[in-house]
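Okay, here's what each chain looks like letter by letter:
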Amino acid sequence: MSTKSAINAAVNSHTEWDPLEEVVVGTLANGVFPTWQESMTETMPTGSREIFQKSGGNPFPQEHLKRAEEELDRFAETLRSEGVKVVRPDPLDHQTPFSTPAWKSDGGLYAAMPRDLLMVVGDTIIESPMSWRCRYHEVDAYRSLIKAYFLQGARWCPAPKPQLTDNLWNANGESNSEWAITEFEPVFDAADFMRFGQDIVAQRSHVTNAFGIEWLRRSVGPDVTVTEIDVNDPHAMHIDATIAPLAPGKMLVHPERFKMNPLFVEWDIIEAPRPMLPTHWPMYFCSPWVSMNVLSLNPETVVVESHEKSLIETLTKNGFRCVPVDFQHVYSFGGSFHCTTLDVVRSGGSGKYLWSPPAPRKPTRRKTALAD
Ligand code: DAV
């Protein structure tokens, strides 16, 4: 996989902060409630089990969905006004049930969160093997984009299609594992990874296993080092409400989930203030900490949710220009600006930003008389 600087390539992005030139913004069009599976338990807000079990495969509440879709459209417009080219996935039907020989799903989900499904590493688009059965066909909404990028020279690297049979689930109470998934086959959501040039940081989670991290490690090859970090999040699903690198040496972090790691010794760590979402706001998928799921447009500029006044103040104090965008209706569906996007082009090449231990010294061959 080539991560060397591929300037002028149709796909080229090595970090989360280099100047953004082209981006995919997801769509909630035709979104339906996911089909419940037990492995969701640890990661979903209380109440979601009941709603998903009852409404899996049925459309989301239409008025809320409409307002969220308008927010996504305005976000796309704002990005365009900041000089970024925006592309959108195809609006697909997500309501049709589907099955494999081993299981059935009452429907799909949406194409709102490309960050979960796809990852750009240099000039390569990686397709994740996601562990939620209802997301099995989600990539179809992005297929025309991916094919077009491929035809323009990008590399296209889909992970092995997972089987998602019952062997992948840690049945409740029957195992000592802290995770809902086993090591049956490689699975991961791309949102459990963050790109720092020559380094990618990963977290284990209820959707990402060690097998999946190892698959990605070998697939990106020797130019990129994939390192798993420890976080304090028993409900882990996606690293992008735990760390948000915004510029070389500056990272926004969740004050409790983030654990300091030698990788970041030279970085300024900015603690995110508490989210400002009103209580009782419908949140079907995630916690209000998606407040820190911001999108960096370049090392000086960050898109932030307009109601997050404390965060805007914190980032402004740290030298950033904040671009406020209303997004609270989108929050309800599981993510914010980072989740709902996929960086396709960020200008610039790869670089070394994280600390790494000095390489072990090669033993030098001593010359002795016997050597000749
Ligand atoms: O705080 O519930 C949200 C991550 C979204 N990708 C949370 C994690």
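One structure accompanies this document, and this report is about it. This one's a predicted model, so the numbers in the text were calculated from it and none came from an experiment.

**Observations concerning helix α5 (residues 210-220)**
- For α5, the full list of buried residues reads Gly212, Ile213, Trp215, Leu216, Ser219 and Val220. When α5 is viewed along its axis, its buried side chains cluster within an angular range of 155 degrees and face the same direction.
- Residues of α5 that are buried sit in contact with β5 (118-121), β6 (124-127), β7 (155-158), β8 (193-196), β9 (199-202) and β10 (225-228).
- Looking one or two residues past α5, Gly221 carries a phi angle of roughly 80 degrees, positive in sign.

**Thoughts on the pairing of strand β14 (residues 295-298)**
- In this sheet, strand β15 (residues 301-305) lies alongside β14 in antiparallel orientation, the contact comprising three bridges. Bridge pairing links Leu295 to Val303 in β15.
- Turn length for the β14-β15 hairpin, with the two strands adjacent in sequence and antiparallel, is two residues.

**Here we look at the site of the ligand**
- Close to the ligand lie Met237, His238, Asp240, Ala241, Arg257, Cys286, Ser287, Val290, Gly334 and Cys339, which account for all nearby residues.
- In the environment of the ligand, an oxygen atom lies 2.9 Å from a nitrogen or oxygen atom belonging to the side chain of Arg257.
- Contact between the ligand and Ser287: an oxygen atom at 2.6 Å from a side-chain N or O atom of the residue.
- Coverage of the ligand by the protein chains reaches 90% of its 280 Å² of free accessible surface.
- Classifying every residue of the shell around the ligand by side-chain character gives five nonpolar, three polar and two charged.

**Brief notes about the environment of Gln95**
- Take Gln95: it is sitting in the loop between β2 (85-87) and β3 (98-99).
- Given the relative accessible area of 40%, Gln95 is considered partly exposed.
- Gln95 has contacts with Val32, Gly57, Pro59, Asp106 and Gly107, leaving out every residue within four places of it along the chain.

**A few points about the sheet that holds strand β1 (residues 20-25)**
- Judged by pairing direction, the sheet is mixed, and its three strands sit side by side in the order β2-β1-β17 without closing on themselves. The two strands at the open ends of the sheet, each matched to only one other strand, are β2 and β17 (341-346). Ignoring which end each strand starts from, the neighbouring axes of this sheet average 20 degrees apart.
- Inspection of the sheet shows β1 paired to β17 by five bridges, in the antiparallel sense. Following the sheet pairing, Val25 is matched in β17 by Thr341.
- Of the strands in this sheet, β1, β2 and β17 are in contact with helix α2 (residues 62-81), which crosses β1 at around 170 degrees.

**A closer look at the side chain of Glu71**
- Assignment of secondary structure puts Glu71 in helix α2.
- No salt bridge is formed by the buried Glu71; its nearest oppositely charged neighbour, Arg74, is found at 5.5 Å.
- Reaching out from Glu71, the side chain makes a polar contact with the backbone nitrogen of Val330 at a distance of 3.0 Å.
- Leaving out residues up to four positions away in the same chain, Glu71 has contacts with Asp326, Phe327, Gln328, His329 and Val330.

**Overview of the nonpolar core**
- The biggest cluster of nonpolar side chains holds 43 residues, and the ones touching the most others in it are Phe75, Leu79, Tyr110, Trp132, Phe285 and Val303.
- When residues of this core are traced back to their parent elements, those giving at least two are β1, α2, β14, β16 (321-325) and α7 (328-331).
- Element by element, the count of residues in this core is highest for α2, at six residues.
- When near neighbours in sequence (up to four residues on either side) are disregarded, Val303 contacts Phe75, Leu79, Val294, Leu295, Leu297, Val323, Val325 and Phe337.
- Counting 20 residues, the second largest nonpolar core, distinct from the first, contains Val11, Leu117, Val120 and Tyr142.

Reading guide: rules and limits
Residues numbered from 1 in each chain as written. Predicted model: local features only at pLDDT ≥ 70, side-chain atom pairs only at ≥ 80, totals over all residues. Heavy atoms only, no water. Buried < 20%, exposed > 50% of the residue type's maximum accessible area, 1.4 Å probe, protein only. Helix = DSSP H or I, 4+ residues; strand = E, 2+ residues; numbered from the N terminus. Arc of directions from axis to C-beta. Contact = heavy atoms within 4.5 Å. Pairing = 2+ DSSP bridges. Near = heavy atom within 4 Å. Polar contact = N/O pair within 3.5 Å; in protein donor to acceptor, adjacent residues only side chain to side chain. Areas by Shrake-Rupley, 256 points an atom, 1.4 Å probe, with all protein chains shown as cover. Nonpolar A, V, L, I, M, F, W, Y, C, P; charged D, E, K, R; others polar. Axes fitted to C-alpha atoms, helices over the stretch in contact; angles between N-to-C directions. Lys, Arg positive; Asp, Glu negative; His and termini not counted. Salt bridge = Lys/Arg side-chain N within 4 Å of Asp/Glu carboxyl O. Core = buried A, V, L, I, M, F, W, Y, C linked by side-chain atoms within 4.5 Å.

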